[in-house]
Amino acid sequence: MGIDHSEVMWRLASKRNRAAIELGKVELLRQSARDLAELGMSFDKAFTVNCLMFWPDPLETLRDLRQILEPGATLAVTHQSRKSGAAASDVAAAEDEIRELLVAAGFDRVRVERLPLEPIPASCVLARRPTSS
């Protein structure tokens, strides 16, 4: 299942994944990450790509995501700076911010992996919903 609050991105994803959608392998919804709990589903993995900057309250959204993840499930928050002239220091700052948000939202086993892309690396901050809560 995929979601996006943007009509434009939802349309693009629908077009790119048309075959998988027709086969019933992919379902795409246009809605906010904060609305996922309303689906009444839980997930063992979730990921976001360049989404955090669009969330009005990233900490609350991460807390909401934590609630729909099964105990032990993994969340991957990927970010690649899109600002003009971004530098390695921007990558490190984003990693630190995402790491702090995930810990504050109740995730554990937080770790960072970098993908050496050009013109600037992408960071993927991975975290786990604790099994005890």
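Shown above is the structure to which this text applies.
Residues numbered from 1 in each chain as written. Predicted model: local features only at pLDDT ≥ 70, side-chain atom pairs only at ≥ 80, totals over all residues. Heavy atoms only, no water.

A.B. asks: Explain a nonpolar patch on the surface to me, using residue names and the numbers behind them.
C.D. replies: A cluster of nonpolar residues, Met1, Leu39 and Met41, forms a patch on the protein surface that exposes about 240 Å² of accessible area. Mapped onto the fold, Leu39 is located in the loop between strand E2 (28–30) and strand E3 (43–49). The class of Leu39 is partly exposed, set by a relative accessible area of 32%. (Patch = residues over 30% accessible without salt bridge, like charges linked within 9 Å, V, L, I, M, F, W, Y side chains within 5 Å. Areas by Shrake-Rupley, 256 points an atom, 1.4 Å probe, with all protein chains shown as cover. Salt bridge = Lys/Arg side-chain N within 4 Å of Asp/Glu carboxyl O. Helix = DSSP H or I, 4+ residues; strand = E, 2+ residues; numbered from the N terminus. Buried < 20%, exposed > 50% of the residue type's maximum accessible area, 1.4 Å probe, protein only.)

A.B. asks: Hey, could you go over helix H3 (residues 58–68) for me, with residue numbers and the actual values?
C.D. replies: For H3, the complete set of buried residues consists of Thr61, Leu62, Leu65, Arg66 and Ile68. Projected down its long axis, H3 shows its buried positions confined to an angular sector of 165°, all on one face. Turning to H3, the residues buried within the fold contact E3, strand E4 (69–79) and helix H4 (88–104). (Arc of directions from axis to C-beta. Contact = heavy atoms within 4.5 Å.)

A.B. asks: Describe the sheet that holds strand E5 (residues 108–115), with residues and values.
C.D. replies: Taken in spatial order, the four strands line up as E3-E4-E6-E5 in an open sheet, and their pairing is mixed. Each having just a single partner strand, E3 and E5 make up the two edges of the open sheet. Each strand axis lies, on average, 15° off the axis of its neighbour in the sheet, ignoring direction. Bridging between E3 and E4 involves six bridges; their strand directions are parallel. (Pairing = 2+ DSSP bridges. Axes fitted to C-alpha atoms, helices over the stretch in contact; angles between N-to-C directions.)

A.B. asks: Account for the pattern of salt bridges, with residues named and values stated.
C.D. replies: Counted according to the given criterion, the structure contains eight salt bridges. Glu7 is the partner of Arg30 in a salt bridge, and the nearest nitrogen-oxygen pair spans 2.7 Å. On the criterion of sequence distance, the pair formed by Arg30 in strand E2 and Glu7 in helix H1 (residues 7–16) is long-range, its members being 23 residues apart. With relative accessibility at 46%, the residue Arg30 sits in the partly exposed group. The exposure class assigned to Glu7 is partly exposed, which follows from its relative accessible area of 33%. Taking the shortest distance from any N to any O, the salt bridge between Arg128 and Asp108 comes out at 2.7 Å. Of this pair, Arg128 sits in strand E6 (residues 122–128) while Asp108 sits in strand E5, placing them 20 residues apart in sequence.

Read these as spatial facts, not as claims about activity.
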